[in-house]
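In case you want the letters, here they are:
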Amino acid sequence: MDKKQVAAVLEEIAALLELQGENPFKSRAYLTAARAIEVAEREPPELVETGALKSLQGIGEALAEKITELVRTGRMRYHEEQRAKFPPGILDLLQVPGLGPKKVKAVYERLGVSSLEDLEAACRAGKVAHLEGFGAKTQENILKGIERLRSHAGRFLLSDALPLALDLRAALAHHPAAQRVEVAGSLRRHRETVEDIDLLASATDPAALTRAFATHPLVAEVLAHGPTKASVLLQSGIQADLRVVADGEFPFALHHGTGSMEHNVAMRNRAIARKLKLNEYGLFEGETFFPCRDEAAIFERLGLAYIPPELREDLGEIEAAERGAIPALVEEGDLTGTFHCHTTWSDGLNSLEEMAAAARQMGYTYLGIADHSEAARYAGGLTRQQVAEQHAAINRLNATFRDFQLLKGIETDILADGALDYDEETVRRFDYVVASVHSRFAMDAASMTARLVKALSHPQLTMLGHVSGRLLLQREPYAFDLEAVLQAAARHGVVVEINANPRRLDLDWRHLRRARELGIMLAINPDAHSTEGLRDIAYGVGVARKGWCTRSDILNARPLPEVMAFLARRKAA
Ligand code: DGT
Ligand code: CA
Ligand code: ZN
């Protein structure tokens, strides 16, 4: 059993306990354990056999025993007992956006609803609106949620697909028959969600390579298998397709298979305007084939500078390439540190020391700690006393570092009225302040906009966190006027975060151009709750690149002295 499978069982138990109205601490314990397993450095079987399981944060004797049973036998009796208390479809109901365990419990107990189909029928019959605590509006939202759930079905987070795609690519690239192997499709373009994994290869023996692909250990089922093509279903439920072409065709097939469709159409039209034909097999004038070594050569043939895959969305990249105006996109290696990270002081899994060590290993010269503020009780928000203690701890650690520094930040809740947490004096003690919405998502657009704009006007605010509140494939952004919020951020000189957590990727790349137009400074933050979470920053870099950002657009791509000067200016303002 791998980490994800173990974590999924623990998460399911947490949900089932909540459905039974058990003490919330009990189900929280299972969620904490799931997260500890996910971020553990070792795989579950090793954790079990070495006895290291119990030393993980949040896993006690009883839980360790249950997890051991699961890892050794593939089953956990306790899990099965909890499952047996409900019909199997009930867990699907929890996937409906806005339908928490309390509401699921109500529709199950009072209406006998135990599947998505039942729920939809009950809503359409108007029965849900009559339940206490529901109403017509909730019923309507549930119907919308079911619809959204169905339209999301079959899409995966970039972060679920990319590591698998890279594993497959590496395995294929090592095969003796392989010449070139690349990930194509929406993954190569760094879209936030993807439908499948597209792989493209050239090989001296295509059949041998497709065979290696179809028999890879990640594969659960072979859907189709020919000499130059194969489609498989991976154990995680994601489909992966491999196409193998002759090496001379590879650049054309790669460009075509990378897309987007809209970019491809624009490129094909550009070729036609030059009396050429471009398709997945080549670039032709009449019957004459123009060999191209790589994608850059194709672009060059069409009078264009190389267009990085992230920009291929037909959003002006071809015009820019024609003018030689493709920007030098920011790279992960440009980042000097980051600002929004949690530790065991609030709801993070690793200590200040561990987070600092991990950041230094990544070559950062600073790491900004921004634990939750007092209002975020659900996440162990810091009291004023704890703020003082954490600052003392940071000072002690900083005294031991050379060429590295922890910064004292905070992620303060934006309260319902747009106020920030803490009194003026406490707020001034931080090097910087990130503010985010964590509660009361259901306000109408006008109130939510006013709330955000009010928060942005706070003189001590440095940065706006996860702007839209969306959770990809799970929760839509709250209703608000993004343009008004961006304008307020620009007016007050507030930095806007690109939250790199792969479930958020918020601000969305589609809005980054507007943010830059308004002169807004951006920061790429992992919102890490563990040392491993720091690595999520790569997804944020992908978003920044998709949004045409260069190094100069990103605050944490500047050297520390400049960052400190920026923060100090902000505080003095
Ligand atoms: P996805 O799979 O929904 O996440 O998005 P993509 O972009 O990976 O789409 P996919 O896998 O259907 O196709 C991969 C690429 O192949 C796509 O980005 C563009 C290209 N492609 C596929 N079908 C067509 C087509 O009918 N016309 C053109 N011009 N290109 C296509
Ligand atoms: Ca695809
Ligand atoms: Zn947050």
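Structural data are supplied above this passage.
Residues numbered from 1 in each chain as written. Chains lettered and ligands numbered in written order. Predicted model: local features only at pLDDT ≥ 70, side-chain atom pairs only at ≥ 80, totals over all residues. Heavy atoms only, no water.

**Observations concerning the overall build of the chain**
Next, step 1: Assigned secondary structure in the chain consists of 24 helices and 17 strands.
Next, step 2: Computed over C-alpha atoms, the radius of gyration of the chain comes to 26 Å, within 12% of the 25 Å expected from 2.2 N^0.38 for 573 residues, which places it in the range of a compact globule.
Next, step 3: Based on the C-alpha atoms only, the size of the chain along its principal axes is roughly 75 × 60 × 55 Å.
Next, step 4: Taking all contacts inside the chain whose residues are at least 6 apart in sequence as the whole, residues at least 24 apart take part in 68%.
Next, step 5: Total accessible area on the chain stands at roughly 25,400 Å², and carbon and sulfur atoms take up 50% of it.
Next, step 6: Taken as two groups, the 69 positive and 79 negative side-chain charges of the chain have centres that lie 3 Å from each other. (Helix = DSSP H or I, 4+ residues; strand = E, 2+ residues; numbered from the N terminus. Rg over C-alpha atoms; globule rule 2.2 N^0.38 Å. Contact = heavy atoms within 4.5 Å. Areas by Shrake-Rupley, 256 points an atom, 1.4 Å probe, with all protein chains shown as cover. Lys, Arg positive; Asp, Glu negative; His and termini not counted. Charge placed at Lys NZ, Arg CZ, Asp CG, Glu CD.)

**A look at the sheet that holds strand S15 (residues 463–464)**
Next, step 1: Across the sheet, which stays open at both edges, the seven strands sit in the order S11-S12-S13-S14-S15-S16-S17 with parallel pairing between neighbours. The open sheet has two edge strands with one neighbour each: strand S11 (337–338) and strand S17 (522–525).
Next, step 2: Alignment of strand S16 (residues 495–499) against S17, held across four bridges, turns out to be parallel. If you follow Val 496 over to S17, its bridge partner there is Leu 522.
Next, step 3: Helix H23 (residues 537–546) rests against S11, S16 and S17 of the sheet, and its axis sits at about 150 degrees to S17. (Pairing = 2+ DSSP bridges. Axes fitted to C-alpha atoms, helices over the stretch in contact; angles between N-to-C directions.)

**Considering the site of ligand 1**
Next, step 1: Around ligand 1 lies a shell of 16 residues, among which Arg 155, Ser 186, Arg 189, Glu 195 and Met 261 are the nearest.
Next, step 2: The contact in question runs from an oxygen atom of ligand 1 to an N or O atom on the side chain of Arg 189, over 2.9 Å.
Next, step 3: Interatomic distance of 3.1 Å between a side-chain N/O atom of Asp 196 and an oxygen atom of ligand 1.
Next, step 4: Protein chains shield 68% of the accessible area of ligand 1, which is 600 Å² for the free molecule.
Next, step 5: Elements with a contribution of two residues or more to the shell around ligand 1: helix H11 (185–188), helix H13 (250–258) and helix H14 (261–273).
Next, step 6: Lining the shell around ligand 1 are residues from two domains, each supplying at least three of them: domain 2 (156–245) and domain 3 (250–322). (Near = heavy atom within 4 Å. Polar contact = N/O pair within 3.5 Å; in protein donor to acceptor, adjacent residues only side chain to side chain. Domains from an automatic or database assignment.)

**Observations concerning helix H24 (residues 560–572)**
Next, step 1: Along its 13 residues, H24 runs 18 Å from first to last C-alpha, staying within 8% of the 18 Å computed at 1.5 Å per residue.
Next, step 2: Buried residues of H24: Leu 560, Val 563, Phe 566, Leu 567 and Arg 570, and no others. An end-on view of H24 places all buried positions within 125 degrees of arc, on one side of the element. Across from the buried face of H24, at angles greater than 90 degrees, the exposed residues are Pro 561, Arg 569 and Ala 572. (Expected span 1.5 Å × (residues − 1). Buried < 20%, exposed > 50% of the residue type's maximum accessible area, 1.4 Å probe, protein only. Arc of directions from axis to C-beta.)

**Structural notes on the side chain of Asn 556**
Next, step 1: Among the secondary structure elements, Asn 556 is positioned in the loop between H23 and H24.
Next, step 2: Look at Asn 556 and you get buried, because its relative accessible area is 0%.
Next, step 3: Ignoring anything within four residues of it in the chain, the contact list for Asn 556 reads Asp 334, Leu 335, Thr 336, Gly 337, Thr 338, Phe 339, Tyr 366, Ala 523, Ile 524 and Ile 537.

**Let's talk about the coordination of the zinc ion (ligand 3)**
Coordination angles at a metal have ideal targets, namely 109.5 degrees for four tetrahedral donors and 90 or 180 degrees for six octahedral donors.
Next, step 1: Only Glu 411 (OE), His 438 (NE2) and His 466 (NE2) from the protein reach the zinc ion (ligand 3) as donors, at distances of 2.1 to 2.2 Å.
Next, step 2: Within one chain, the residues donating to the zinc ion (ligand 3) are spaced in sequence as E-x26-H-x27-H. Of this pair, Glu 411 sits in strand S13 (residues 405–413) while His 438 sits in the loop between strand S14 (432–436) and helix H20 (445–456); the two residues are 27 residues apart in sequence, bridging distant segments of the chain. You'll find Glu 411 and His 438 in the same group, each marked buried. (Donors = N, O, S within 2.8 Å, 3.2 Å for Na, K, Ca; no water.)

**Some remarks on the packing of helix H8 (residues 116–124) against helix H9 (residues 135–152)**
Next, step 1: The N-to-C vectors of H8 and H9 enclose an angle of 145 degrees; their axes lie 10 Å apart at closest approach. Like other packed secondary-structure pairs, H8 and H9 cross with a definite hand, here left-handed. Contact residues: H8 offers Leu 116, Glu 117, Leu 119, Glu 120, Ala 122, Cys 123 and Arg 124, while H9 offers Gln 139, Ile 142, Leu 143, Ile 146, Leu 149 and Arg 150.
Next, step 2: Classifying every residue of the contact of H8 with H9 gives eight nonpolar, one polar and four charged. (Left-handed = near helix turned anticlockwise from the far one by under 90°. Nonpolar A, V, L, I, M, F, W, Y, C, P; charged D, E, K, R; others polar.)

**Focus on the coordination of the calcium ion (ligand 2)**
Next, step 1: Surrounding the calcium ion (ligand 2) are the protein donor atoms Asp 196 (OD) and Asp 198 (OD), at 2.2 to 2.3 Å.
Next, step 2: Using a relative accessible area of 21% as the deciding quantity, one classes Asp 198 as partly exposed.

**Topic: the packing of aromatic side chains**
Next, step 1: As enumerated under the stated definition, the model contains 11 aromatic pairs in all.
Next, step 2: Ring centres of Tyr 30 and Tyr 78 lie 6.1 Å apart, and the angle between their planes is 10 degrees; this geometry places the pair in the stacked category. Of the two residues, Tyr 30 sits in helix H2 (residues 24–39) while Tyr 78 sits in helix H5 (residues 77–84), which places them 48 residues apart along the sequence. Here Tyr 30 matches Tyr 78 in class, with each residue buried.
Next, step 3: Between the aromatic rings of Phe 441 and Tyr 478, the centroid separation amounts to 6.0 Å while the plane-to-plane angle is 25 degrees, which identifies the pairing as stacked. Taken together, the residues Phe 441 in the loop between S14 and H20 and Tyr 478 in the loop between S15 and helix H21 (482–492) connect sequence positions 37 residues apart.
Next, step 4: Here the aromatic residues Phe 252, Phe 284 and Phe 289 are joined through ring pairs into a cluster of three or more.
Next, step 5: For the cation-ring pair, Lys 546 lies above Trp 509, with the distance from its terminal atom to the ring centre recorded as 4.7 Å. (Phe/Tyr/Trp six-rings, centres within 6.5 Å; stacked < 30°, edge-to-face > 60°. Lys NZ or Arg CZ within 6 Å of the ring centre and 35° of its normal.)

**Side note on the sheet that holds strand S5 (residues 219–225)**
Next, step 1: Taking strand neighbours across the sheet as the criterion, the five strands line up as S2-S4-S7-S6-S5 in an open arrangement whose pairing is mixed. Of all strands in the sheet, those bounded by a partner on one side alone are strand S2 (178–183) and S5. When strand polarity is set aside, the average angle formed by the axes of neighbouring strands in this sheet is 20 degrees.
Next, step 2: Relative to strand S4 (residues 197–203), S2 is paired through five bridges, and the arrangement is antiparallel. From the neighbouring strand, Glu 182 faces S4, where its bridge partner is Leu 200.

**Comments concerning the nonpolar core**
Next, step 1: The biggest cluster of nonpolar side chains holds 96 residues, and the ones touching the most others in it are Ile 197, Leu 406 and Ile 554.
Next, step 2: Counting residues per element, this core draws most heavily on helix H10 (residues 158–173), which supplies seven residues.
Next, step 3: Both domains that furnish three or more residues to this core are identified here as domain 2 (156–245) and domain 4 (332–572).
Next, step 4: Beyond its immediate chain neighbours, meaning those up to four positions away, Ile 197 contacts Ala 161, Leu 164, Ala 165, Leu 187, Leu 234, Ile 238, Gln 239, Ala 240 and Asp 241.
Next, step 5: Membership of the second largest hydrophobic core comes to 26 residues, among which are Ala 7, Ala 34, Ala 40 and Ile 67. (Core = buried A, V, L, I, M, F, W, Y, C linked by side-chain atoms within 4.5 Å.)

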